[in-house]
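Commentary on secondary and tertiary structure
The primary structure of each chain is shown beneath.
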Amino acid sequence: MSVLRRPRNHGLTALIVVSLAAGCSSVPPGYQLVRPTSLDQAVQEVPEDQLLDVGVEISEARALSEKQLEKLGTNTDIRKSECRYIPYHLKTTLQQSSHWGAVQVVPPEGEVVDLTISSELVKSNGEMLQLEVNAVDAAGRVWLSRKYHAQVKQGHYTDTSQGEREAFQDLYNTVANDLAAFKHTLPPATIADIRTVSKLQFAQEFAPEAFDDYLSEDEQGLVVVQHFPAQDDPQMERIELIRERDNMFVETLNQYYEGLYLNMWEAYENWRQFNLVEQVALREAKKEAFFRTVTGILMVAAAVALQVGDLSPSVGVASGVLLAAGGQVIISGVNISQQADIHAEAIRELSESFGAEMRPTVLELEGKQYELTGTAAEQYREWKSLMRRIYYEETGFDPDVTRFGSADHAPAELPAVR
């Protein structure tokens, strides 16, 4: 008499467990998992001499292959748009915390400020956001160098507010809180020194011969103040006037970035929501298909064992039906995919305008009007060149001769608008 032995499926069971573990979201090594986080807001007004001005640089996006982009459900145009969106929303979050002075979005390596924040977009698909953030003050002190990983659900998109709260607000709050926490570790004298260093660094751009010996590096490589300019120093007074003009132009640039941010908000919000739903649906469908396939295989194995045991052949028919059901892979959500594509196309069109030239900016200085053209970064470079020329006219000192070796190699003066 033959003995029926139940087919062993320990290996398949282990395979199911491993597959399920792989399907769950995991935090990559070196990343900080973002948890629900409220924004740390200043409980009292920060004294003027303790406020640091912050420049949030336009982000960069880590290069990903087409296969990686497809797996994430995104594309290069969307990532290009996110590199404008993320810095601006971080700016609004920092402003809401009330720990800082002026917070502005600036072109990469464009502005001399007390604290510069740069970021790199690693991954983003509406369900998950990975961001690497670095913050360095004017003295070269590293405040932050950290990688953040955040994951949201559909409910995170129901309580958003343009310019105030978005689906990944916990990540922005975490970054802002980390920066504020580091600031609290610095004594007031250090914060005052950072403000002075950035002021003198700006002065060195325009009058290096006059201000080069005001700063030096200590044994740790940090920039320190050697001596301070006199309160009534006429050169410093001119520099401070130019810096005020520079701040005004940066505010103009931020109006441009704000327009991009506001125009992008609705399409980007919708795209991320539909992309999240699609990502979850695909993952669940694949999981279901996997279970059905494994179930079918187990049933076939059981049917074979039963037939070997000389039992009724009708069991084979039943197992065949079960195998067919188990082998089906049904992926739903076609309409979701179509909706996501619609919003992705809207963002793609927006990204093209982001890369295009901003409208010409016409400024009036010293009784003359000047027109700046090109992208935001190009206009800012033209603006810096214009200010150096104005400084030369006012002082008779040409910083470009010192910088470039001769006036022949210095940038040409911008044409005035008649």
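The shown structure was predicted, so the numbers you read here are calculated from the model rather than taken from an experiment.

Attention shifts here to the overall build of the chain. Broken down by element type, the chain carries 11 helices and 12 strands. Among the 418 residues that make up the chain, the fraction classed as buried is 43%. Total accessible area on the chain is roughly 22000 Å²; 52% of this is exposed by carbon and sulfur atoms.

Over its 22 residues, helix 3 (residues 76–97) runs 32 Å from end to end, which matches the ideal 32 Å to within 8%, given 1.5 Å per residue. The element helix 3 is extensively covered by neighbouring structure, given that 17 of its 22 residues are classed as buried. Of the residues that open helix 3, the one with a side-chain oxygen 3.0 Å from the backbone nitrogen of Asp 77 is Asn 75. Following helix 3 by one or two positions, Ser 98 adopts a phi angle in the positive range, close to 65°.

Attention shifts here to helix 5 (residues 188–206). Its 19 residues give helix 5 an end-to-end C-alpha distance of 28 Å, which sits within 8% of 27 Å, the value for a rise of 1.5 Å per residue. Looking at helix 5, one finds that the buried residues are Thr 190, Ile 191, Ile 194, Thr 196, Val 197, Ser 198, Leu 200, Phe 202, Ala 203, Gln 204 and Phe 206.

Counted under the stated rule, the structure contains 8 salt bridges. Measuring nitrogen to oxygen at the nearest pair gives 3.2 Å for the salt bridge that ties Glu 120 to Arg 62. You can see Glu 120 sitting in strand 5 (residues 115–124) and its partner Arg 62 sitting in the loop between strand 3 (60–61) and helix 2 (66–72), a full 58 residues away along the chain. Of the charged contacts, one joins Arg 62 and Glu 132 as a salt bridge, the two residues approaching to 3.0 Å between their closest N and O atoms.

Moving on, we come to the packing of helix 3 against helix 4 (residues 169–185). The interhelical angle for the contact between helix 3 and helix 4, taken along N-to-C directions, is 60°, at an axis separation of 10 Å. As far as their axial angle goes, helix 4 and helix 3 are oblique. The two elements helix 3 and helix 4 meet at a crossing, and its hand is right-handed. On the side of helix 3, the interface is formed by Tyr 85, Ile 86, His 89, Leu 90, Thr 93 and Leu 94, while helix 4 contributes Gln 169, Tyr 172, Asn 173, Val 175, Ala 176 and Leu 179. Class assignment of the residues belonging to the contact of helix 3 with helix 4 gives a composition of 8 nonpolar, 4 polar and no charged.

Below, the discussion takes up the nonpolar core. One finds Leu 94, Trp 100, Ile 117, Trp 143, Leu 179, Tyr 257 and Trp 383 to be the most contacted residues of the largest nonpolar core, which totals 78 residues. Of the residues forming this core, the biggest block, 15 residues, is contributed by helix 7 (residues 234–308).

This part is about the pairing of strand 7 (residues 142–151). Sheet topology places strand 1 (residues 31–33) next to strand 7; 3 bridges connect them, and they run parallel. Opposite Tyr 31, over in strand 7, you have Lys 147 as the bridge partner. Bridge count between strand 6 (residues 128–137) and strand 7: 9 bridges; the pairing is antiparallel. For Asn 134, the partnering residue across the bridge sits in strand 7 and is Ser 145.

To continue, consider the packing of aromatic side chains. Using the criterion set out here, one finds 13 aromatic pairs in the structure. An angle of 20° between the planes, with centres 5.0 Å apart, marks the rings of Phe 249 and Trp 383 as stacked. Taken as a pair, Phe 249 in helix 7 and Trp 383 in helix 10 (residues 376–395) lie far apart in primary sequence, 134 residues in all. Using a relative accessible area of 2% as the deciding quantity, one classes Trp 383 as buried. An aromatic cluster is present here, built from Tyr 85, Tyr 88, Tyr 261, Trp 265, Tyr 268 and Trp 271 joined pairwise through their rings.

Relative to each other, helix 5 and helix 10 sit at 75°, their axes nearing to 10 Å. By the criterion of interaxial angle, the relationship of helix 5 to helix 10 is roughly perpendicular. Counted together, Phe 202, Glu 205 and Phe 206 of helix 5 and Lys 384, Met 387, Arg 388 and Tyr 391 of helix 10 form the full contact between these two elements. Classifying every residue of the contact of helix 5 with helix 10 by side-chain character gives 4 nonpolar, no polar and 3 charged.

Another aspect to go through is the environment of Trp 271. Along the chain, the position of Trp 271 falls in helix 7. Classification of Trp 271 by relative accessible area gives buried; the value is 1%. C-alpha of Trp 271 to C-alpha of Thr 74: the two residues are 197 residues apart in sequence and 9.8 Å apart in space.

Let us now look at a negative patch on the surface. Taken together, the side chains of Glu 45, Glu 48, Asp 49 and Asp 53 present a region of like negative charge at the surface. Within the secondary structure layout, Asp 49 lies in the loop between strand 1 and strand 2 (54–57).

Here we take up the confidence of the model for the chain. Scored by pLDDT, the chain has a mean of 78; 70% of the residues are at 70 or more. Below pLDDT 50 for its whole length, residues 321–333 participates in 19 contacts with residues either more than four positions away or in separate chains. When the criterion is pLDDT under 50, residues 401–412 qualifies, and its contacts beyond four places in sequence or with other chains add up to 20 contacts.

Calculation criteria
Residues numbered from 1 in each chain as written. Predicted model: local features only at pLDDT ≥ 70, side-chain atom pairs only at ≥ 80, totals over all residues. Heavy atoms only, no water. Helix = DSSP H or I, 4+ residues; strand = E, 2+ residues; numbered from the N terminus. Buried < 20%, exposed > 50% of the residue type's maximum accessible area, 1.4 Å probe, protein only. Areas by Shrake-Rupley, 256 points an atom, 1.4 Å probe, with all protein chains shown as cover. Expected span 1.5 Å × (residues − 1). Polar contact = N/O pair within 3.5 Å; in protein donor to acceptor, adjacent residues only side chain to side chain. Salt bridge = Lys/Arg side-chain N within 4 Å of Asp/Glu carboxyl O. Axes fitted to C-alpha atoms, helices over the stretch in contact; angles between N-to-C directions. Parallel < 35°, antiparallel > 145°, perpendicular 65-115°, else oblique. Left-handed = near helix turned anticlockwise from the far one by under 90°. Contact = heavy atoms within 4.5 Å. Nonpolar A, V, L, I, M, F, W, Y, C, P; charged D, E, K, R; others polar. Core = buried A, V, L, I, M, F, W, Y, C linked by side-chain atoms within 4.5 Å. Pairing = 2+ DSSP bridges. Phe/Tyr/Trp six-rings, centres within 6.5 Å; stacked < 30°, edge-to-face > 60°. Patch = residues over 30% accessible without salt bridge, like charges linked within 9 Å, V, L, I, M, F, W, Y side chains within 5 Å. Lys, Arg positive; Asp, Glu negative; His and termini not counted. Charge placed at Lys NZ, Arg CZ, Asp CG, Glu CD. pLDDT = per-residue confidence, 0-100.

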